[in-house]
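# Descriptive structure summary
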Amino acid sequence: MNTRIQKIFSLILACGILCSTLFHAAPVRAAGIKMNKKTLSLAVGKSYKLKVKKASGKVKWSSSKKSVATVSSKGTVTAKKAGTATITAKAKGKKTTCTVTVKGTQTSGAAGSKTNPISAYSEYTFSYYEEGKKRGKFSMKLLDFATGDESAALVTKNSQNPVPEESQEYLYFQFRIKYISGSQTVSAKDIFDYYHNIFGSNSTRPMTNIDWGFFFENVDDLGTTILSPGNDIICAKAILVDKGYGPITYRIQTGKNSYTWFTTDK
């Protein structure tokens, strides 16, 4: 084999080795996307909006069993009947899932009962009771509610706010409270008792405060707001809790031994 042929052969062999190396090199994996919840428990008739982190472009949602749980184009899951369904979100070839467990059957009851809470976004007028005594007549409306990534973004507005751990999140409530009639001053934190009367998992699991936030928004701190007859006040509170409580409800004592229940679902 002459020198020229040897050079050509060596060149071909080198190209072959290079191509083989390129084709068999380990692929570079793009960063995945992530759902804000991996598991979710809902009662029949309840809804929850899932969110996707690190997604670019349009997110396509689907349910493995629509008879159990459906999902809207914006990620809102609605429980239909008892069972389990997998909710999948896809964006640019990447996907993430959440396993939804639906329990029980849809219950009915009087508006404001534990099984049929009232929307907190509708202004509601009530008589407030404390220790069995009527304190006055009030109206109350939820103006804003945030949790998860949305409330986490508000934390940075004040360096005094405790930063949530991976397993924690803030629940942020902003209310408009009117003191319609009565003769005594009342603490807003007694009406909205965020120490004892916030519930998750469809009104069955009371929440425990881990801590609270300060100055999420430029409104009065509900924890220090004192109401006098004639007051019309906007106030807010952010409570740090463990994640995984599902739909949020709260109750207000509106009778000597009874409560009215409200939901933050719109």
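Reading guide: rules and limits
Residues numbered from 1 in each chain as written. Predicted model: local features only at pLDDT ≥ 70, side-chain atom pairs only at ≥ 80, totals over all residues. Heavy atoms only, no water. Phe/Tyr/Trp six-rings, centres within 6.5 Å; stacked < 30°, edge-to-face > 60°. Helix = DSSP H or I, 4+ residues; strand = E, 2+ residues; numbered from the N terminus. Buried < 20%, exposed > 50% of the residue type's maximum accessible area, 1.4 Å probe, protein only. Lys NZ or Arg CZ within 6 Å of the ring centre and 35° of its normal. 1 Å grid on protein atoms, 1.4 Å probe; cavity = no way out; pocket = protein on both sides within 12 Å on 5 of 7 lines; lining within 4 Å. Points joined across faces, edges and corners; volume = space filled by probe spheres on them. Nonpolar A, V, L, I, M, F, W, Y, C, P; charged D, E, K, R; others polar. Salt bridge = Lys/Arg side-chain N within 4 Å of Asp/Glu carboxyl O. Pairing = 2+ DSSP bridges. Axes fitted to C-alpha atoms, helices over the stretch in contact; angles between N-to-C directions. Polar contact = N/O pair within 3.5 Å; in protein donor to acceptor, adjacent residues only side chain to side chain. Contact = heavy atoms within 4.5 Å. pLDDT = per-residue confidence, 0-100.

Moving on, we come to the packing of aromatic side chains. Each aromatic ring pair is described using two quantities: the centre-to-centre distance and the angle formed by the ring planes. Within this structure, the stated rule accounts for 19 aromatic pairs. Both rings, one in tyrosine 250 and one in phenylalanine 262, keep their centres 5.3 Å apart while their planes meet at 20°; by these two values the pair is stacked. On the criterion of sequence distance, the pair formed by tyrosine 250 in strand S21 (residues 249-253) and phenylalanine 262 in strand S22 (residues 259-263) is long-range, its members being 12 residues apart. Phenylalanine 262 carries the same exposure label as tyrosine 250, and that label is buried. Directly above the aromatic system of tyrosine 259 lies the positively charged group of arginine 251, at a separation of 3.9 Å from the ring centroid.

For the rest of this paragraph, the subject is empty space enclosed by the protein. Taken as a whole, this structure holds two cavities of 30 Å³ or more when the rule is applied. In this structure, the largest cavity occupies an estimated 110 Å³ of space. At three residues, the largest contribution of residues to the lining of the largest cavity is made by strand S20 (residues 232-242). If you add up the space inside the second largest cavity, you get close to 40 Å³. Taken together, Ala120, Tyr124, Met140, Lys141, Leu142, Tyr250, Ile252 and Phe262 form the lining of the second largest cavity. Tallying contributions element by element places strand S12 (residues 133-146) first for the lining of the second largest cavity, with three residues. Per-class residue counts for the lining of the second largest cavity are seven nonpolar, no polar and one charged.

Its boundaries defined by the atoms lining it, the largest pocket holds a volume of some 1000 Å³. Lining the largest pocket are 36 residues, and of these Asn36, Tyr48, Lys49, Lys51 and Thr147 sit closest to its centre. Looking at the lining of the largest pocket, the elements that each hand over two or more residues are strand S1 (34-35), strand S3 (47-49), S12, helix H2 (148-155) and strand S13 (168-182). Counted by class, the lining of the largest pocket contains 12 nonpolar, nine polar and 15 charged residues.

In this structure the tally under the stated criterion is eight salt bridges. As a salt-bridge pair, arginine 176 and aspartate 232 come within 2.7 Å of each other at their nearest N and O atoms. Of the two residues, arginine 176 is situated in strand S13 and aspartate 232 in strand S20; the sequence distance between them amounts to 56 residues. By relative accessible area, which is 40% here, aspartate 232 ends up partly exposed.

Pairing is mixed in the open sheet, where four strands are placed in the order S2-S9-S8-S5. The sheet terminates laterally at strand S2 (39-43) and strand S5 (60-63), the two strands that pair on one side only. Mean inter-strand twist for the sheet, computed between neighbouring axes without regard to direction, equals 25°. Direction of pairing for S5 relative to strand S8 (residues 83-91): antiparallel, over a ladder of four bridges. Directly across from serine 62, in S8, lies its bridge partner threonine 88.

When you line up the elements, serine 139 lands in strand S12. A polar contact is formed between the side chain of serine 139 and the side chain of glutamate 123, at a distance of 3.0 Å. Apart from residues lying up to four places away in sequence, serine 139 is in contact with Glu123, Tyr124, Thr125, Phe126, Arg176, Ile177, Lys178 and Ile180.

Overall, the predicted model of the protein chain reaches an average pLDDT of 85, with 85% of residues at or above 70. Confidence drops under a pLDDT of 50 for residues 21-30, and excluding neighbours within four residues, the segment shows one contact in the predicted structure.

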